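Chain by chain, the residues:
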Amino acid sequence: MNGPDRDDRSERDDRGETDGGHDHELRVTKIRDGTVIDHVPGGLALTVLGVLGIDGSAGEVVSVGMNVPSDRLDRKDVLKIENRELTRDELDVLSLIAPAATINIVREYNVAGKHRVERPEQVSGVLSCPNPDCITAGNEPVVPTFDVLEEGVRCVYCGTILGAEGADLSEHADIG
Amino acid sequence: MGQHLISAKQLSRADIERVLDHAAALDRDSPTDRRSGTLLGLCFFEPSTRTRLSFEAAIKRLGGDALDMGAIEASSVTKGETLADTVRVLAGYADALVLRHPSEGAARMASEFVSVPLINAGDGAGQHPTQTLLDLYTIRENVGLDDLSIGIMGDLKYGRTVHSLSLALTNFDTTQHLISPESLRLPRGVRYDLEAAGASVQEHTDLDPVLPDLDVLYVTRIQRERFPDDAEYRAIAGEYRIDATALDDAKEGLIVMHPLPRVEEIAPDVDETPHARYFEQAKNGVAVRMALLDLALGGGGIFAERETGSLADWNEGEDSP
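Each value, and the rule that gives it
- Residues numbered from 1 in each chain as written.
- Chains lettered and ligands numbered in written order.
- Predicted model: local features only at pLDDT ≥ 70, side-chain atom pairs only at ≥ 80, totals over all residues.
- Helix = DSSP H or I, 4+ residues; strand = E, 2+ residues; numbered from the N terminus.
- Rg over C-alpha atoms; globule rule 2.2 N^0.38 Å.
- Buried ≥ 20, exposed ≤ 12 C-beta atoms within 10 Å, placed from the backbone.
- Contact = placed C-beta atoms within 7 Å.
- Domains from an automatic or database assignment.
- Nonpolar A, V, L, I, M, F, W, Y, C, P; charged D, E, K, R; others polar.
- Core = buried A, V, L, I, M, F, W, Y, C linked by C-beta atoms within 7 Å.
- Axes fitted to C-alpha atoms, helices over the stretch in contact; angles between N-to-C directions.
- Parallel < 35°, antiparallel > 145°, perpendicular 65-115°, else oblique.
- Left-handed = near helix turned anticlockwise from the far one by under 90°.

Q: Looking at this model, I keep getting lost on the overall build of chain B. Mind explaining?
A: Within chain B, the secondary structure is distributed over 10 helices and 9 strands. Expected size for 321 residues packed as a compact globule is a radius of gyration near 20 Å; at 19 Å, chain B falls within 12% of this value. Counting only C-alpha atoms and orienting by the principal axes, one finds that chain B spans roughly 55 × 40 × 40 Å. Among the 321 residues that make up chain B, the fraction classed as buried is 51%. Partitioning the contacts of chain B with sequence separation of at least 6, the portion at a separation of at least 24 is 75%.

Q: Honestly, the domain arrangement of chain B in this entry has me stumped. Any pointers?
A: By a widespread convention, an interface's size corresponds to the accessible area lost as its parts come together. Residue and element names in this part refer to chain B. Domain annotation for chain B reports domain 1 (8–126 + 285–308) and domain 2 (129–281). Counting from both sides, the interface comprises 20 residues of domain 1 and, opposite them, 18 residues of domain 2. Mapped by element, the contributors of at least two residues to the side of domain 1 that touches domain 2 are helix 1 (13–29), strand 4 (118–123) and helix 9 (278–297). Per-class residue counts for the side of domain 1 that touches domain 2 are 11 nonpolar, 5 polar and 4 charged.

Q: Looking at this model, I keep getting lost on the nonpolar core. Mind explaining?
A: If you look at the biggest cluster of nonpolar residues, it comprises 131 residues, and the most contacted ones within it are A:Val48, B:Leu97 and B:Leu292. Element by element, the count of residues in this core is highest for helix 9 of chain B, at 12 residues. For A:Val48, the residues in contact, after removing those within four places along its chain, are A:Ile37, A:Val40, A:Leu79, A:Leu94, A:Ile97 and A:Ala98.

Q: When you look at the domain arrangement of chain A in this model, what are you seeing that I'm missing?
A: All names here are of chain A. Per the domain assignment, the segments making up chain A are domain 1 (4–116) and domain 2 (122–172). Each partner contributes to the interface: domain 1 provides 9 residues, whereas domain 2 provides 10 residues. Among the elements that line the side of domain 1 that touches domain 2, the one with the most residues is helix 3 (residues 88–97), at 5 residues. Tallied by class, the residues present in the side of domain 1 that touches domain 2 amount to 5 nonpolar, 2 polar and 2 charged.

Q: Help me understand the packing of helix 2 (residues 50–61) of chain B against helix 9 of chain B, please; the structure alone is not making it clear to me.
A: Helix-helix packing is characterised by the crossing angle of the two axes and by the distance between the axes. Residue and element names in this part refer to chain B. It is at 8 Å that the axes of helix 2 and helix 9 come closest, and there the two elements cross at 55°. One finds that helix 2 runs oblique with respect to helix 9. Judged by the twist between their axes, the crossing of helix 2 over helix 9 is right-handed. Contact residues: Arg50, Ser54, Phe55, Ala57, Ala58, Ile59 and Arg61 in helix 2; Ala282, Gly285, Val286, Arg289, Met290 and Leu293 in helix 9. Here the contact of helix 2 with helix 9 is composed, by residue class, of 8 nonpolar, 2 polar and 3 charged.

What follows is the structure, encoded as structure tokens:
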């Protein structure tokens, strides 16, 4: 059973307020500075990390909760990335994979900003077109740009549609 | 941004009828001085015979002249110049540009760098909207554009003429029968647009069952390079060839079209049947391109005034249906 109280506890922790020392569900601790990405569809945390280019090689401290019980999503993933705040471009790509995600910016254990991701109408410079014959694949002075569809994105130049599936997007993410 | 013709997706029914009506008028009057003093830049990064020559014939019949970039082997492209730079320079020499390029989206990108009208004459496996206009002109002259059953056969995946034609036909009351091997069905992007437009489309792997229903059979070439080996190509291409006997079950008024060049997909004995329209279709390229150029160079633009889904909307990044 996934009661609302469980989800509430993880929310409290995400805000850096308290875990009360008795939360057996969350399994991750609050962070001092960084970003908490909450309400990622269950099972997509690693895809989100892939899209953000976080593979641990740069020494980032990352905590990941996968398939945590959630009221809103049934099962959700939660990511806590220390000492890093996401850029606009990163949020744009994140919105394509996890449109229901909430972003908490944490500074000194406190939530300095909390917002939902917003799906833009168009994303530029954050994905590369998978079509090798697309004009954006050459050496032209052009920024790959995609219209955001209900499911997936579409290259404004060649019309190629990139699926909504996280793996599809993370393979072609080009940010940072 | 000028009035560019990049994709058939831009074309509303009003746009199409405006161009076709104008083409019919120019075809009747055959004027020679409407656009005297104008220069059309021909930028062909791929070989072309019909498209290039019909654009050249069109501008000359309007009283203007053409500046041909020539073969790319003899141009600055071989020095590594970008397409963006090439069209920016040529736009300074000419009043409008016609571009053919092997990369999909090339015309859309090029249009962002020029202020003169730019017309897409084929971008890789993308779009070929001027071919579509002359196709529609030919269909309208022969069987009309509404209450139409059209079969489009061959390479639907890589065939840019098919992508453009299929999208433009959604403006009319047509049923499209798409006939191809499984591996050469329409690409996802075109399917998406057809679905969004609510098009009536049926897919088949065999021509025979649908042939008796068709008013138009539009045949395209299946290219050898799309197949890993020659045997597979020969086996598949052989199934999508027609000859005069194959058309025995067709309606008397069926017209057979082809964007040309044909290789083996239409046997020469079809030429002698009353169905053949492909040479008439190629000839219509001049009148239709005259109409397009006359509208583009006249300052009023290619596109009709309209309520929704205009080129202006499209240029602003909106996805018109």
